[in-house]
Amino acid sequence: GAVVSQHPSWVICKSGTSVKIECRSLDFQATTMFWYRQFPKQSLMLMATSNEGSKATYEQGVEKDKFLINHASLTLSTLTVTSAHPEDSSFYICSARAPGYNEQFFGPGTRLTVL
Amino acid sequence: GEDVEQSLFLSVREGDSSVINCTYTDSSSTYLYWYKQEPGAGLQLLTYIFSNMDMKQDQRLTVLLNKKDKHLSLRIADTQTGDSAIYFCAERMGKGTALIFGKGTTLSVSS
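Residues numbered from 1 in each chain as written. Chains lettered and ligands numbered in written order. Predicted model: local features only at pLDDT ≥ 70, side-chain atom pairs only at ≥ 80, totals over all residues. Heavy atoms only, no water.

Q: Would you mind showing me how to read the state of the cysteines here?
A: Between two cysteines, a covalent bond joining their sulfur atoms is known as a disulfide. Under the criterion given, the structure shown has 2 disulfides over all chains. The disulfide partner of cysteine 23 of chain A is cysteine 94 of chain A, and the gap between their sulfur atoms is 2.0 Å. Because the torsion about its S-S bond is 80°, the bridge between cysteine 23 of chain A and cysteine 94 of chain A counts as right-handed. Taken as a pair, cysteine 23 of chain A in strand 3 (residues 19-25) and cysteine 94 of chain A in strand 9 (residues 90-97) lie far apart in primary sequence, 71 residues in all. What pairs with cysteine 22 of chain B in a disulfide is cysteine 89 of chain B, and their sulfur atoms sit 1.9 Å apart. One disulfide, between cysteine 22 of chain B and cysteine 89 of chain B, carries an S-S torsion of -60° and so falls in the left-handed class. Here cysteine 22 of chain B, found in strand 3 (residues 18-24), pairs with cysteine 89 of chain B, found in strand 9 (residues 85-92); they are 67 residues apart in sequence, far enough to count as distant. There is no split in this pair, since cysteine 22 of chain B and cysteine 89 of chain B are both buried. Free cysteine: cysteine 13 of chain A, not disulfide-bonded; nearest cysteine sulfur from cysteine 94 of chain A at 18 Å. (Disulfide = S-S within 2.5 Å. Helix = DSSP H or I, 4+ residues; strand = E, 2+ residues; numbered from the N terminus. Buried < 20%, exposed > 50% of the residue type's maximum accessible area, 1.4 Å probe, protein only.)

Next up, the structure:
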């Protein structure tokens, strides 16, 4: 099956620093990637939809200047949490969709802890 | 509006069947999914069903869809301790759109 990886799997950073999370589709080309956020014991909430070569579409309430998304190639999307604060601590999960497929393939997630 | 509801907990004994229920509000959903999440891990797609189907079976898993009542269920036959996890129901409206997830049902299997 299709594989999606995320890097890093976990990261701890100081408040005020920026953190970049990578999402890669390893064996297929993903025209669309999605970024979700999951708080403890909560569901996944969509943050943004990322289409290769164009600007990401952000969900209501998600600050685009704080969560920078770049989908520069068909196999890589990055999420940068700028000036991170403790309330940004969460589990960030990406998914990727290939053209013609009904399924989204999810990455293993990145746990961000901001001190 | 879009909303997916699930019961939060289910506890069963090993060998019994588990039934996890989900309701959704948007009748224009095209696909409905079941994902499994083990502690600290990402999501594993278990199965999905197209909205024009009533039932789908895949080994120990049976999905039932009642489109009239907007009700989806996942039955796990012969539940094992390894099935203990959080199960998410999700709906997708159209092609290329993101998924809307329920809050997840924590399945606890005791031996």
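Q: Is there a simple way to think about the interface of chain A and chain B in this case?
A: A common measure of how large an interface is: the accessible area buried when the components associate. On the side of chain B, 20 residues touch chain A, which itself brings 18 residues to the contact. Both sides together, the interface formed by chain A and chain B hides about 1500 Å², and carbon and sulfur atoms give 54% of it. Area buried by chain A at its contact with chain B is led by Ser43, Asn102 and Phe106 of chain A, which between them contribute 33% of it. Taken together, the connections running from chain A to chain B amount to 5 residue pairs in polar contact (both at pLDDT 80 or more). The set of elements that each furnish at least two residues to the side of chain A that touches chain B consists of strand 4 (32-38), strand 5 (44-51) and strand 9 of chain A. Residue contributions to the side of chain A that touches chain B peak at 4 residues, all from strand 4 of chain A. (Contact = heavy atoms within 4.5 Å. Buried area = accessible area lost by both parts, 1.4 Å probe. Polar contact = N/O pair within 3.5 Å; in protein donor to acceptor, adjacent residues only side chain to side chain.)

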